[in-house]
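Chain and residue survey
The lines below spell out each chain.
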Amino acid sequence: MHNNTITSKNNQALIGASFVLISAIAFSAKAIFIKLAYQYPVDAVTLLALRMLLATPFFIVMAVIATKNNTSSSRLSMNDWGSLFVLGLGGMYLSSLFDFIGLSYVSAGTERTILFLYPTFVVIITALLAKKPIGKREILALALSYAGIILIAMHDISFSSTSATLLGAGFILLSALTYACYLVGSSNMLHKIGTQRFTAYTMIIACTACVTHFALTHSVASLKLPMGVYQLGLGMAIVSTILPVILLNAGIRRVGSSKASLIGSIGPVSTILLAAIFLGEPVTFNQIIGTALVLAGVLSITLPTEQQES
């Protein structure tokens, strides 16, 4: 009986790890969908609105189910809704918008690696809010990560103009920064309403903001797009938005958030490989070393904390 229990736990852990791995790869494919869509006459705002509009029904259903399953008797106050509104706009909407704009200038591999810097921003923001100095280990991790980004920027500059690369990298950095702010600011609400409700509510707010942005800046005629754009938008909504959320939640329930975050570090590597396969993006020595430095820096920040939590 004891051996059966151990085997069952091991199987659940393996299934959970597989879910998280597939989730990370599927989410990383978002950049591939975007770059493929940019081969058609479509801009960042239209493409983002299309992705969010197609994904919104799923998050509405997710919100309804999560709300029905909520066992807490506490109701959300106006302040709670205000926090959700700010996090949905500042975290998910702006982060996504900056990401989509940045991808019109830099390669998919570069985008994913720069986005992966968000844990370093979390460390810096947390230290500033707590008014505590950053430790030596964190300083080393930051140095490794940003040295890696410089090498990766050199990779993109060699294939495009310096100004375009720097502009795109700047937007992706803003995306990572706003997402880091979202993570730092979400702690209290996550504990209060749970992961699923929080994710559903903030994503619905972000979806609404994206569609509103499109409606205010574009005409209906802008939706007269080639069928390929709609196909890629649907693929992005299902494969790189809905599927990762479902698999990540299922995976975390089996292996915990600590291991899940470490498994998710496969993201930048998978994007580089997918970009080479589907976009023909060249993989250079600078990109390989730069990505390795970013991974080393981020994991050196994440791994000790995760071990302590487990």
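Keep in mind the model is a prediction, meaning the values are calculated, not measured.

A few words on the overall build of the chain. If you tally the helices and strands in the chain, you get 13 helices and zero strands. Going from N to C terminus, the chain has its helices and strands arranged as α-α-α-α-α-α-α-α-α-α-α-α-α. Judged by the C-alpha coordinates and their principal axes, the chain covers about 60 × 45 × 45 Å. Relative to its full complement of 310 residues, the chain shows a buried share of 45%. Considering only intrachain contacts with a sequence separation of at least 6, the fraction spanning at least 24 residues in the chain is 90%.

Moving on, we come to the nonpolar core. Formed by 50 residues in total, the largest nonpolar core has its most connected members in Tyr 38, Leu 47, Leu 84 and Phe 100. Contributions of two or more residues to this core are made by helix H2 (30–37), helix H3 (44–68), helix H4 (78–102), helix H9 (187–193), helix H10 (195–217), helix H11 (227–263) and helix H12 (267–278). Ranked by the residues each element gives to this core, the list is headed by H3, at 11 residues. Residues within four places of Leu 47 in sequence aside, it is in contact with Ile 34, Ala 37, Tyr 38, Val 42, Phe 100, Val 229 and Met 236. Grouped together as the second largest cluster of nonpolar side chains are 16 residues, Val 106, Ile 114, Leu 115 and Val 298 included.

The next point concerns H12. For an α-helix, the turn length of 3.6 residues means that residues three or four places apart are oriented alike. Over its 12 residues, H12 extends 16 Å from the first C-alpha to the last, a length consistent with the 16 Å expected when each residue adds 1.5 Å. Gly 267, Pro 268, Ser 270, Thr 271, Ile 272, Leu 274 and Ala 275 are the residues of H12 that are buried. In the segment just after H12, Gly 280 is the residue with positive phi, at about 70°.

Our next topic: the packing of aromatic side chains. Tallied over the entire structure, the rule returns seven aromatic pairs. Geometrically, the ring pair formed by Tyr 118 and Tyr 179 is edge-to-face, given 5.1 Å between the ring centres and 85° between the ring planes. Highlighted residues: Tyr 118 in helix H6 (residues 118–130) and Tyr 179 in helix H8 (residues 162–185), separated in sequence by 61 residues. Accessibility expressed as a relative area gives 27% for Tyr 118, which makes it partly exposed. In this structure Tyr 179 comes out as partly exposed when scored by relative accessible area, which is 27%. Centroid distance Tyr 179 to Tyr 182: 5.7 Å. Interplanar angle 25°. Geometry classified as stacked. Here the residue Tyr 179 and the residue Tyr 182 both occupy positions in helix H8, the gap between them amounting to three residues, near one helical turn. Through successive ring pairs, a cluster of aromatic residues spans Tyr 118, Tyr 179, Tyr 182 and Phe 198.

Together, Ile 22, Leu 54, Leu 234, Ile 238, Val 239 and Leu 243 line one region of the surface with nonpolar side chains, adding up to about 440 Å² of accessible area. Looking at the element boundaries, Val 239 is found in helix H11.

In this model, the chain carries a mean pLDDT of 86, and residues with pLDDT of at least 70 account for 91%. In the model of the chain, helix H13 (residues 285–309) stands out as the element of lowest mean pLDDT, 72, in contrast to H2, which has the highest, 96. Per-residue pLDDT stays below 50 along residues 304–310; that stretch engages in eight contacts with residues further than four places along the chain or on separate chains.

Structurally, Ser 77 is set in the loop between H3 and H4. Between the C-alpha atoms of Ser 77 and Ile 252, which are 175 residues apart in sequence, the distance is 28 Å.

Rules behind the numbers
- Residues numbered from 1 in each chain as written.
- Predicted model: local features only at pLDDT ≥ 70, side-chain atom pairs only at ≥ 80, totals over all residues.
- Heavy atoms only, no water.
- Helix = DSSP H or I, 4+ residues; strand = E, 2+ residues; numbered from the N terminus.
- Buried < 20%, exposed > 50% of the residue type's maximum accessible area, 1.4 Å probe, protein only.
- Contact = heavy atoms within 4.5 Å.
- Core = buried A, V, L, I, M, F, W, Y, C linked by side-chain atoms within 4.5 Å.
- Expected span 1.5 Å × (residues − 1).
- Phe/Tyr/Trp six-rings, centres within 6.5 Å; stacked < 30°, edge-to-face > 60°.
- Patch = residues over 30% accessible without salt bridge, like charges linked within 9 Å, V, L, I, M, F, W, Y side chains within 5 Å.
- Areas by Shrake-Rupley, 256 points an atom, 1.4 Å probe, with all protein chains shown as cover.
- Salt bridge = Lys/Arg side-chain N within 4 Å of Asp/Glu carboxyl O.
- pLDDT = per-residue confidence, 0-100.

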